[in-house]
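Spelled out from the first residue to the last, the chains are:
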Amino acid sequence: LLPDADTETAVAIANRLRLALSETPIKTGGGISLDVTSSFGLCMVDPADTLEETIEQADKALYRAKHDGRNRVVLWDGEEVAEDPAKNAVEDAGD
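None of these values were measured; they are calculated from a predicted model.

What counts as what
- Residues numbered from 1 in each chain as written.
- Predicted model: local features only at pLDDT ≥ 70, side-chain atom pairs only at ≥ 80, totals over all residues.
- Heavy atoms only, no water.
- Helix = DSSP H or I, 4+ residues; strand = E, 2+ residues; numbered from the N terminus.
- Buried < 20%, exposed > 50% of the residue type's maximum accessible area, 1.4 Å probe, protein only.
- Contact = heavy atoms within 4.5 Å.
- Areas by Shrake-Rupley, 256 points an atom, 1.4 Å probe, with all protein chains shown as cover.
- Expected span 1.5 Å × (residues − 1).
- Arc of directions from axis to C-beta.
- Pairing = 2+ DSSP bridges.
- Right-handed = clockwise from strand over helix to strand, strands pointing away.

Time to look at the overall build of the protein chain. From N to C terminus, the protein chain includes 2 helices and 6 strands. When the helices and strands of the protein chain are listed from N to C terminus, the series reads α-β-β-β-α-β-β-β. Evaluated residue by residue, the protein chain yields a buried proportion of 26% over its 95 residues. Taking the contacts inside the protein chain whose residues are at least 6 apart along the sequence as the reference set, 36% of them involve residues at least 24 apart. Just so you have it, the protein chain exposes about 6500 Å², and 56% of that area is on carbon and sulfur atoms.

Here's what the structure looks like:
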C-alpha cells in the first residue's frame, strides 16, 4: 500500500523495486547465484469499491503481468491493456 501516492508515483516505485530485485542476484550455498525477476499488479483504491474488489483488480493486473511475459508492472485501470511506450514494464490491465 502506498497511501497518498498517485498512479505515476505508484508505478515508478514498483518499477524501482522490480529493477532492484532483478539487479540483485541471490547467493546460495556452493557459490551458486540466482537471478530473480518480479511482477507487480497495481490498482488505485476507489472508495466506491469493496476491499475484495480492490484486491481482485490488483490480482488481475498481476496475472496480466505474468501472462504477458513476467518481470513487469501492470496497472489496473478498468480498460484495455496498453503497453507503456517508455519501457517494457508498465501496462494497463482491464477486463
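There's more to say after this.
Take helix 1 (residues 7-22) next. The end-to-end C-alpha distance of helix 1, which contains 16 residues, comes to 22 Å, matching closely the 22 Å that a straight helix rising 1.5 Å per residue would cover. The set of residues buried in helix 1 consists of Ala-10, Val-11, Ala-14, Asn-15 and Arg-18. One face of helix 1 carries all of its buried residues, which in axial projection span an arc of 130°. In helix 1, those exposed residues whose orientation departs by more than 90 degrees from the buried face are Glu-8 and Arg-16.

Let us now look at helix 2 (residues 51-67). Compared with the 24 Å implied by 1.5 Å per residue over 17 residues, the 24 Å span of helix 2 between its first and last C-alpha is a close match. Among the residues of helix 2, those classed as buried are Thr-54, Gln-57, Ala-61 and Ala-65. Buried residues in helix 2, looked at end-on, bunch into an arc of 80°, giving them a common side. Among the exposed residues of helix 2, those oriented more than 90 degrees off its buried face are Glu-52, Ile-55, Tyr-63 and His-67.

All right, on to the pairing of strand 3 (residues 40-43) then. Strand direction decides the pairing type here: strand 3 and strand 4 (residues 73-76), joined by 4 bridges, are parallel. Its bridge partner being in strand 4, Gly-41 is matched across the sheet by Val-74. In this view, the connection linking strand 3 to its parallel neighbour strand 4 by way of helix 2 has left-handed handedness.

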